[in-house]
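# Observations on chain architecture
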Amino acid sequence: MNRQILLTGYFGFDNLGDELLLISLLDFIRHNFPDIKPLVLYAKNLPGVYGADVVPRKKLLSGIIKADGVCFSGGSIIQDTTSVRSLVYYLGIILLSFITGKPVIMVSQGFGPVKTWLGEKLIRILNLVYSISVRDMDSYKFLERSGIRRPKIYQGNDLVSFLDVDRFRLEDSSVERDVLVSVREAEGFREEEFMDAFVRFREENNLNMAFFVTHKEEDARITERFARRLDCEILFWDDPVSAIEILSSARFIVSMRLHPLIISSLLDIPFLGIIYDPKVRSFVSLFPDACSLDISSDSSQIEDTLNLAWRNRERIKSGIIKYRDNLNKQETFNPIYDLYNLWSKDR
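Residues numbered from 1 in each chain as written. Predicted model: local features only at pLDDT ≥ 70, side-chain atom pairs only at ≥ 80, totals over all residues. Heavy atoms only, no water.

## Looking at the layout of surface pockets
Quantified by volume, the largest pocket comes out at close to 1100 Å³. Lining the largest pocket are 43 residues, with Ser76, Gln79, Thr82, Asp277 and Lys279 sitting closest to its centre. Residue assignment for the lining of the largest pocket shows that the elements contributing at least two residues are helix 1 (16-32), strand 5 (69-78), helix 3 (84-99), strand 6 (104-111), helix 5 (137-145), helix 9 (258-266) and helix 10 (278-284). Looking at which element gives the most residues to the lining of the largest pocket, the answer is helix 5, with five residues. Of the residues in the lining of the largest pocket, the class split is 13 nonpolar, 14 polar and 16 charged. (1 Å grid on protein atoms, 1.4 Å probe; cavity = no way out; pocket = protein on both sides within 12 Å on 5 of 7 lines; lining within 4 Å. Points joined across faces, edges and corners; volume = space filled by probe spheres on them. Helix = DSSP H or I, 4+ residues; strand = E, 2+ residues; numbered from the N terminus. Nonpolar A, V, L, I, M, F, W, Y, C, P; charged D, E, K, R; others polar.)

Here you go:
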């Protein structure tokens, strides 16, 4: 049975997390469903990406018509915090797929928040989806509150949790950094408080610190402000492989962005999460010994928490290993199996 599936998400916008989601899903499909050909809805007009054919965003409708099914591939795209327009775009893909008779699945999807009146009305379009796995409990509860009951729904994990990072790990590197930090813009983020605390934390522990830009466009300016204040190196990634190599060089990772935290858990690197969004809180809560900070924390609280986490690195690391042993891989990828079985019935 040879079928084509259109993978959609926030791909091609230089955001490391979304590129890693795509790589992880492509790896799973290739290893488990060799008779499924992935097509990727991508922002950049390239002939292919990560070994899969590209469908440019401006050719969305032709991509849906060409494919035998559509797969939403993780990330936080079903929300209207970024913009209502973004939510309308992705829900519109579901509606177009339904109209053209193409089944839709969602794998490791994050949902919410949806706060606008229009968003709350449109979210019912999710009832047209055939099968869904969510990446965290907050997303599962969102679907319940929103009255989404028609699709099959599974409790899974973030797709990046299943990425084979060993093939990217930096071997015998002479470059080792004590602390790697990833920051982003966020409403209510007390930059000055965090900068002051980082300065004292670094000096008190005599640390080698660097800053990592996760989203090349959105995070560059704020990262430059932090790096200038602390007189630190800024690290940009060229491709997902180089990003993982950079992250693997750290002994400790502090991040506002979700996916550097997930990658650190795969690399056995202790971490501290800075909470700007429920998805970061949901992930950090899976680790009983991990520390976190709210973006509204004051300088003394930030410094105390940083020092506590740094001292407890080994305990955090042991909790990371336990977490990986309890991942819900089958539940996460069940929507792909559901779609495959649906196709089998249609033969």
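## A few points about the pairing of strand 9 (residues 177-182)
Within strand 9, six of the six residues are buried, leaving the element largely enclosed by the surrounding structure. Sheet analysis places strand 9 next to strand 12 (residues 250-255), joined by five bridges and oriented parallel. When the bridges of strand 12 are listed, Val179 appears paired with Phe252. One crossover worth recording links strand 9 to the parallel strand 10 (residues 209-212) by way of helix 6 (residues 191-205), and it is right-handed. (Buried < 20%, exposed > 50% of the residue type's maximum accessible area, 1.4 Å probe, protein only. Pairing = 2+ DSSP bridges. Right-handed = clockwise from strand over helix to strand, strands pointing away.)

## Structural notes on helix 5
Side chains that are three or four residues apart share a direction in an α-helix, a result of its 3.6 residues per turn. Listed in full, the buried residues belonging to helix 5 are Ser139, Phe142 and Leu143. For helix 5, the buried positions fall inside an angular range of 95° around the axis, keeping them on one side. Looking at the packing, one finds that the buried side of helix 5 touches strand 6, strand 7 (131-134) and strand 8 (152-155). A positive phi of about 75° marks Gly147, the residue just after helix 5. (Arc of directions from axis to C-beta. Contact = heavy atoms within 4.5 Å.)

## Section: the pattern of salt bridges
Summed over all chains, the structure comprises 18 salt bridges. A salt bridge links Lys37 to Asp53, with the shortest nitrogen-to-oxygen separation between them at 2.9 Å. Of this pair, Lys37 sits in strand 2 (residues 36-42) while Asp53 is found in strand 4 (residues 52-56), placing the two residues 16 residues apart along the sequence. Looking at Lys37, the relative accessible area reads 37%, which means it is partly exposed. Measuring nitrogen to oxygen at the nearest pair gives 2.5 Å for the salt bridge that ties Asp268 to Arg324. One end of the pair, Asp268, is in the loop between helix 9 and strand 13 (271-275); the other, Arg324, is in helix 12 (residues 313-324), and 56 residues separate them in sequence. Overall, the relative accessible area of 27% leaves Arg324 in the partly exposed class. Here the residues in one salt-bridge network are Arg135, Asp136 and Asp158, joined through shared partners. (Salt bridge = Lys/Arg side-chain N within 4 Å of Asp/Glu carboxyl O.)

## Section: the packing of helix 6 against helix 11 (residues 299-311)
Taken N-terminus to C-terminus, the directions of helix 6 and helix 11 make an angle of 40°; their axes are 8 Å apart at the nearest point. Compared by their axis directions, helix 6 and helix 11 come out oblique. In the crossing of helix 6 with helix 11, the sense of the turn from one axis to the other is right-handed. Taking contact as the criterion, the partners of Glu193, Phe194, Asp196, Ala197, Phe198, Arg200, Phe201, Glu204 and Asn205 in helix 6 are, on helix 11, Ser299, Ser300, Ile302, Glu303, Leu306, Asn307 and Trp310. Taken together, the residues of the contact of helix 6 with helix 11 sort by class into seven nonpolar, four polar and five charged. (Axes fitted to C-alpha atoms, helices over the stretch in contact; angles between N-to-C directions. Parallel < 35°, antiparallel > 145°, perpendicular 65-115°, else oblique. Left-handed = near helix turned anticlockwise from the far one by under 90°.)

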